[in-house]
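Structural characterization, general
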Amino acid sequence: MPPSKAKDLLFFYLPMKKPFDPKANYLQTKKKTGYVPRQEATQETYDSIGFMSGLEVHQQLLTKEKLFCHCPAGIYNDSDVYDAEVIRHMRPTLSELGEYDGTALMEFKTKKNIIYRVKNETTCTYEVDDTPPFHINREALDISIMISLLSKLNIVGEVHITRKQYLDGSIPTGFQRTAIIGVEGEIPLKHKKVRLIQLSLEEDSCREISDIGHFRTYKTDRLGMPLIETVTYPDMVNPDEVKEACDYIRFLGRSTGKVRTGMGAGREDVNVSCQGGTRVEIKGVAHTKWIPELTHNECFRQWALLQIRDELLNRFPDYNHWKITSEPIHFHSFSFFYPPIVQAKKLKHKLIAVNLPGMKGILSHFTQPGKMFADEISDRLKVIACIEKPNMAHTEQCEPVIAEEDFAKIRSMLKAKENDAQIVFWGPAEDIPTALETIQERCMMAFAGVPKETRKSFEDGTTIFERVLPGADRMYPDTDSPPIPLEDEDIERLGKNLPAEVIERYQMMQTWGIPEDTYTYVFKKNLFPEIKRIVEELGIKPSFVGTFFGHKLKNAEGHYTPAAEFHYSLIYNLFKFLQQKGINLNYAARMLPMVYEHSKMDFESVLISLKFKKISKEEILSPVSFLKNKFSQIRYSESKEAETRWIMGQLYPLANGNMSLAELGTIVKQ
């Protein structure tokens, strides 16, 4: 064979290079990371990646006034109800050590306009930083001491008000006034004890209305409300322990009856790390039921970032000179049909192509369920450069929005190499320099592993970047507030009327035989005192009372709208009424929905509305023989149990409230 033909045949049989598959890469890196769904994870799973978690549990206190002024606490307004707007701009300042805080620098980059919507009823000149603070709210201080004592914390001898930097604009002063009340305590869980670092009393921040582009809007009704923060050591070694500890701390506060409840009254910051990772703070978790999934996914996200770090260091042992390159793109040179890019063209935004040297396979690397490393970059573009999502496209999207032909032209324009990856992003011209700086910065962080940051939580268990984690030196003395000495006799007085510990209540309910699936609801609503009162004063079987609260009342709350006057003490009055009338207590379940919705209606009127009639046992049982004969004519089963169930169903309307259903069943069976 002539040499030329042999060369042609060789070329013909060379295999074509397989195109890069982002979906396959995502799944492959997910498997390499070792990610498993939480339901399949075991303690061995968490031990293998070094799961570690701690908590910062916040609870608003039930006081009449705010912490450092006389504005009323607990009055909320709709977002569009306000008397004035105040605008502020945050800027970084040097600390006493001559350093800038990383969070302050990040927030300054955003060039945010902070707008506060002010309602005169709930805001004074203190809230908007025009006057110094009043003396601390003594009612709030006493409650925080009580809860500290319940938490087995050592009470400080003197309360010192300090300033904790808050640089996202949620507090107009730029800092939060806070004071440590107790240190070094513990709480008991089912199988271990969790150590507490401290409990602090502090003022709450504003409620965020919106955060779009360079405008962030708050309302000040919540600002300044008394809040306690309970901080644990990172003693939890699996997600379920984190939730259990959080629930215990919340239940402990609620057991005093002196903390606020409802949406937003209690919020958790959950700190998570893995072996080789760093502390990442998931901010403002609204529901404790989210905690297990959030902590599970965050620990694996960090583990995945460590895998990315190792891969990048293998590719770039000396990465200090690694740098992105970028070029502006002219819309008319490409065939872009992706709606956000089309909209960007209409808005006359800039379109920028970015080359990431040697990053092929990194953008589509798994980080969280349904998320990849590219999302880490996109999140920061939204927060730091203020470019709203969707704000970018890239070469490793599972569902491409830019055609491969266009990316080929972009790669040529950027002089990209085979193992490079590319990003295309868009935004206002003034935000482009910050965006490019943000992309470079986040990619450089990938070489180090896990960046220190706070993240925002979502119900599906995933998180997004919120801001850089504040530095350790963010607290300093408040020169406007003198120290407050705590006298021993005051602490002893507050310690005399403490409620039973949550663990004691838990053990008592177990002894009483109350179903365990009611415990969370009972503790969440602080219903144990009502159950105990009914059991001790009315002599009703504890298991019946606990089940009534944990099942019947919980069901009513989920299906009916309560009257403004409804209070849990009405259940005591309802049981007492039924006892006095000689009506079987089972009938309370029939009356409950009407009592719940019409609390002012007296119980006699409720009975009339339900057409209840007092009937003797003999009258109820008189039709049994007739019903047996009737069933024999229509029966569809030879089962004795089927006959009993059918007869019970016929007699139930007459028997309910007039005799025990258990007794009725026994008689019918006989």
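Residues numbered from 1 in each chain as written. Predicted model: local features only at pLDDT ≥ 70, side-chain atom pairs only at ≥ 80, totals over all residues. Heavy atoms only, no water.

Quick look at the overall build of the protein
Of the regular secondary structure elements, the protein holds 23 helices and 23 strands. The principal-axis extents of the C-alpha atoms in the protein amount to approximately 110 × 80 × 50 Å. For the protein, the proportion of its 670 residues judged to be buried stands at 51%. If you take every contact in the protein between residues at least 6 apart in sequence, the share linking residues at least 24 apart comes to 74%. Accessible area for the protein stands at about 32,700 Å²; split by element, carbon and sulfur atoms hold 53% of it. Separation of charge centres in the protein, based on 87 positive and 91 negative side chains, amounts to 6 Å. (Helix = DSSP H or I, 4+ residues; strand = E, 2+ residues; numbered from the N terminus. Buried < 20%, exposed > 50% of the residue type's maximum accessible area, 1.4 Å probe, protein only. Contact = heavy atoms within 4.5 Å. Areas by Shrake-Rupley, 256 points an atom, 1.4 Å probe, with all protein chains shown as cover. Lys, Arg positive; Asp, Glu negative; His and termini not counted. Charge placed at Lys NZ, Arg CZ, Asp CG, Glu CD.)

Considerations on the sheet that holds strand 2 (residues 84–88)
Strand order across the open sheet formed by 4 strands is 2-3-10-9, with mixed pairing between neighbours. Where the open sheet ends on each side, the last strands, each with one partner, are strand 2 and strand 9 (207–212). Averaged over all pairs of adjacent strands, the angle between strand axes in this sheet comes to 20°, irrespective of strand direction. Of the pairings in the sheet, the one linking strand 2 to strand 3 (residues 113–118) comprises 5 bridges and is antiparallel in character. Bridge assignment links A84 to a residue of strand 3, and that residue is V118. (Pairing = 2+ DSSP bridges. Axes fitted to C-alpha atoms, helices over the stretch in contact; angles between N-to-C directions.)

Considering the side chain of T33
Looking at where T33 falls in the secondary structure, it is placed in helix 2 (residues 22–33). A residue is classified by how much of its surface remains accessible, and T33, at 3% relative accessible area, is buried. Sequence-distant contacts of T33, defined by excluding residues within four places in its chain, comprise F300, W303, A304, Q307, H365 and F366.

Looking at the layout of surface pockets
Size it by volume and the second largest pocket reaches roughly 960 Å³. Breaking the lining of the second largest pocket down by element, the ones donating at least two residues are helix 6 (239–254) and helix 14 (519–524). Counting residues per element, the lining of the second largest pocket draws most heavily on helix 6, at 5 residues. Taken together, the residues that form the lining of the second largest pocket break down as 10 nonpolar, 12 polar and 11 charged. Structurally, the lining of the second largest pocket is a two-domain feature, drawing no fewer than three residues from each of domain 2 (47–279) and domain 3 (502–609). (1 Å grid on protein atoms, 1.4 Å probe; cavity = no way out; pocket = protein on both sides within 12 Å on 5 of 7 lines; lining within 4 Å. Points joined across faces, edges and corners; volume = space filled by probe spheres on them. Nonpolar A, V, L, I, M, F, W, Y, C, P; charged D, E, K, R; others polar. Domains from an automatic or database assignment.)

Side note on unusual backbone geometry
A cis amide bond links K389 with the next residue in sequence, P390, at an omega value of -10°. Here P390 shows up in the loop between helix 9 (373–383) and strand 18 (392–394). With phi around 65°, D129 is a residue other than glycine that occupies positive phi space. As for its position among the elements, D129 is in the loop between strand 3 and helix 5 (138–150). In this structure, K152 is a non-glycine residue whose phi angle is positive, near 60°. Position of K152 relative to the elements: it lies in the loop between helix 5 and strand 4 (154–155).

Some remarks on the packing of aromatic side chains
Under the definition given, this model contains 22 aromatic pairs. Pairwise contacts between aromatic rings join Y26, Y35, F300 and F366 into one cluster. (Phe/Tyr/Trp six-rings, centres within 6.5 Å; stacked < 30°, edge-to-face > 60°.)

Some remarks on the nonpolar core
L356, F425 and M591 are the most contacted members of the largest nonpolar core, which totals 136 residues. At 10 residues, helix 7 (residues 291–315) tops the list of elements feeding residues into this core. (Core = buried A, V, L, I, M, F, W, Y, C linked by side-chain atoms within 4.5 Å.)

Comments concerning the side chain of T518
Locating T518 in the fold gives a position in the loop between helix 13 (502–512) and helix 14. Judged by its relative accessible area of 0%, T518 falls in the buried class.

Let's talk about the confidence of the model for the protein
Looking at the protein, the pLDDT average stands at 90 and 90% of residues meet or exceed 70. Here residues 1–14 scores under 50 on pLDDT; set against residues more than four positions off or in separate chains, the count is 2 contacts. (pLDDT = per-residue confidence, 0-100.)

What about a negative patch on the surface?
A cluster of acidic side chains, namely E487, D488, E489 and E492, defines a negative patch on the protein surface. Within the fold, D488 resides in helix 12 (residues 488–496). Assessed through its relative accessible area of 55%, D488 is described here as exposed. (Patch = residues over 30% accessible without salt bridge, like charges linked within 9 Å, V, L, I, M, F, W, Y side chains within 5 Å. Salt bridge = Lys/Arg side-chain N within 4 Å of Asp/Glu carboxyl O.)

A closer look at the pattern of salt bridges
Going through the model one piece at a time under the given rule, you end up with 50 salt bridges. K112 is the salt-bridge partner of D211, the closest N and O atoms lying 2.5 Å from each other. Here D211, found in strand 9, pairs with K112, found in the loop between helix 4 (102–110) and strand 3; they are 99 residues apart in sequence, far enough to count as distant. For K112, a relative accessible area of 7% translates into the label buried. One salt bridge in this structure joins K164 and E229, with 3.7 Å as the shortest N-O distance. Taken as a pair, K164 in strand 6 (residues 161–165) and E229 in strand 11 (residues 226–232) lie far apart in primary sequence, 65 residues in all. For E229, a relative accessible area of 6% translates into the label buried. Taken together, the shared-partner salt bridges connect E298, R301, E376, R380, R442, E453 and R455 into one network.

Brief notes about empty space enclosed by the protein
Counting across every chain of the model gives 3 cavities of 30 Å³ or more. If you add up the space inside the largest cavity, you get close to 50 Å³. Lining the largest cavity, in full, are Y126, E127, I171, T173, E203 and L223. For the lining of the largest cavity, the residue count by class is 3 nonpolar, 1 polar and 2 charged.

Things to note about the packing of helix 17 (residues 569–581) against helix 18 (residues 587–597)
Between helix 17 and helix 18, the shortest axis-to-axis distance is 11 Å and the interhelical angle comes to 135°. Between helix 17 and helix 18, the crossing angle belongs to the class labelled oblique. As for how helix 17 packs across helix 18, the hand of that crossing is right-handed. Packed against helix 17, whose contacting residues are I571, L574, F575, F577 and L578, the element helix 18 presents Y587, A588, M591 and L592 at the interface. Of the residues that constitute the contact of helix 17 with helix 18, the class distribution is 9 nonpolar, no polar and no charged. (Parallel < 35°, antiparallel > 145°, perpendicular 65-115°, else oblique. Left-handed = near helix turned anticlockwise from the far one by under 90°.)

Re the sheet that holds strand 18
Spatial strand order, 14-15-19-18: 4 strands in an open sheet with antiparallel pairing. In this open sheet, the two strands that pair with only one neighbour each are strand 14 (325–328) and strand 18. Averaged over neighbouring strand pairs, the angle between their axes works out to 20° when direction is ignored. Both strand 15 (residues 350–356) and strand 19 (residues 421–427) contribute to a ladder of 7 bridges, which runs antiparallel. Residue pairing across strands places K350 opposite G427, the latter belonging to strand 19. In the packing of helix 11 (residues 432–448) onto the sheet, the strands contacted are strand 14, strand 15 and strand 19, and the crossing angle to strand 15 comes to about 20°.

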